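What the coordinates show
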Amino acid sequence: MQAKVQVESERIFTETELRKYNGQETNLLYLVILGHVYDVTVGFKHYGPGQSYHMFIGHDATRSFVTGEFDQYTLELSDVSALKETELEQLLTWKDFYDKTYQYVGKLVGRYFDPVGQETPYYRYVLERAAKAKESKDDSSKYPSCNVEWKVEMGTRVWCTNRSGTGQERSWVGHPRKVAESNAAEIEANGGSVQFCACVPEEVSEPHYVPFPGCEETAKSCIIPDQS
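Residues numbered from 1 in each chain as written. Predicted model: local features only at pLDDT ≥ 70, side-chain atom pairs only at ≥ 80, totals over all residues. Heavy atoms only, no water.

The protein chain appears in an unreviewed UniProt entry as Cytochrome b5 heme-binding domain-containing protein from Anopheles quadriannulatus. In UniProt, the protein chain has this text filed under Sequence similarities (unreviewed entry): "Belongs to the cytochrome b5 family. MAPR subfamily." (UniProt positions renumbered as here; feature names shortened; annotations may be inferred.)

**Some thoughts on the packing of aromatic side chains**
Tallied over the entire structure, the rule returns 20 aromatic pairs. Between Tyr21 and Tyr30, the ring centres sit 4.2 Å apart and the planes meet at 5 degrees, which makes this aromatic pair stacked. Residues Tyr21 and Tyr30 agree in their burial class; the two are buried. The ring of Tyr122 has Arg111 lying over it, and the distance from NZ or CZ to the ring centre is 5.8 Å. (Phe/Tyr/Trp six-rings, centres within 6.5 Å; stacked < 30°, edge-to-face > 60°. Buried < 20%, exposed > 50% of the residue type's maximum accessible area, 1.4 Å probe, protein only. Lys NZ or Arg CZ within 6 Å of the ring centre and 35° of its normal.)

**As for the sheet that holds strand β2 (residues 30-33)**
The strand order across the open sheet formed by four strands is β1-β4-β3-β2, and the pairing between neighbours is mixed. The open sheet has two free edges, formed respectively by β1 (11-13) and β2, since each of these has just one partner strand. Recorded for the sheet is a direction-independent mean angle of 40 degrees between the axes of neighbouring strands. Two elements, β1 and strand β4 (residues 103-108), share three bridges in a ladder whose sense is parallel. Opposite Ile12, over in β4, you have Lys107 as the bridge partner. In the packing of helix α4 (residues 85-101) onto the sheet, contacts are made with β2 and β3 (36-39), and the angle to β2 comes to roughly 145 degrees. (Pairing = 2+ DSSP bridges. Helix = DSSP H or I, 4+ residues; strand = E, 2+ residues; numbered from the N terminus. Axes fitted to C-alpha atoms, helices over the stretch in contact; angles between N-to-C directions. Contact = heavy atoms within 4.5 Å.)

**What to know about the environment of Lys84**
Along the chain, Lys84 falls in the loop between α3 (64-67) and α4. Given the relative accessible area of 42%, Lys84 is considered partly exposed. Taking the C-alpha atoms as reference points, Lys84 and Ala130, 46 residues apart in sequence, are found 8.6 Å from one another.

Okay, structure coming up:
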């Protein structure tokens with residue numbers, strides 16, 4: 001594997017300057033994601049003229065990393081504002097891949113960076129939304145899952161023990177709670193999965209977690225009648 005060359009100082013590119021690094025006007029191939037420019041010349045078999053991912057070269061097509069719009073470049077492909085928060089989080093994973101795999105060379109003036117290389121309000125907004133996706137993912141598994149059983153004569157029973165969830169013993173039992181409907185809708189809209197029942201510690205009071213209908217707040221076991 002060719003060692004990456006250390007860049008002494010990053011370069012600020014305009015759209016016009018960046019277009020030159022397309023493997024035709026020069027031998028270099030520059031790719032952009034979220035306004036960050038990488039030299040992917042060593043990956044010619046993927047990014048060179050006529051290759052599968054050449055559309056990414058010489059301009060910012062960030063949105064295509066998650067939408068698969070590879071056929072033809074348009075200016076709108078740098079705009080990720082319509083993506084879900086979970087998709088924005090995926091973009092950061094792609095950026096991490098290029099950070100680790102290819103040589104970083106600078107920034108592109110436009111949506112993500114201003115002419116002196118400072119983050120734009122647009123980029124900060126993207127990062128904030130991506131962070132929300134991670135928070136939602138963390139919240140969905142913050143507490144262990146309840147034990148659950150179903151019987152035709154009673155419906156669904158949920159209960160907590162000091163081993164519920166992972167099966168590993170812990171020092172507390174907790175109370176059965178469901179994710180509040182407003183938070184559940186937000187998690188699902190962002191592509192996450194909603195925990196059916198969580199065992200929440202007694203000392204914790206969070207508006208995201210609420211008792212099941214007909215279940216006392218202090219109960220460790222509840223019957224949830226089937227809805228017909």
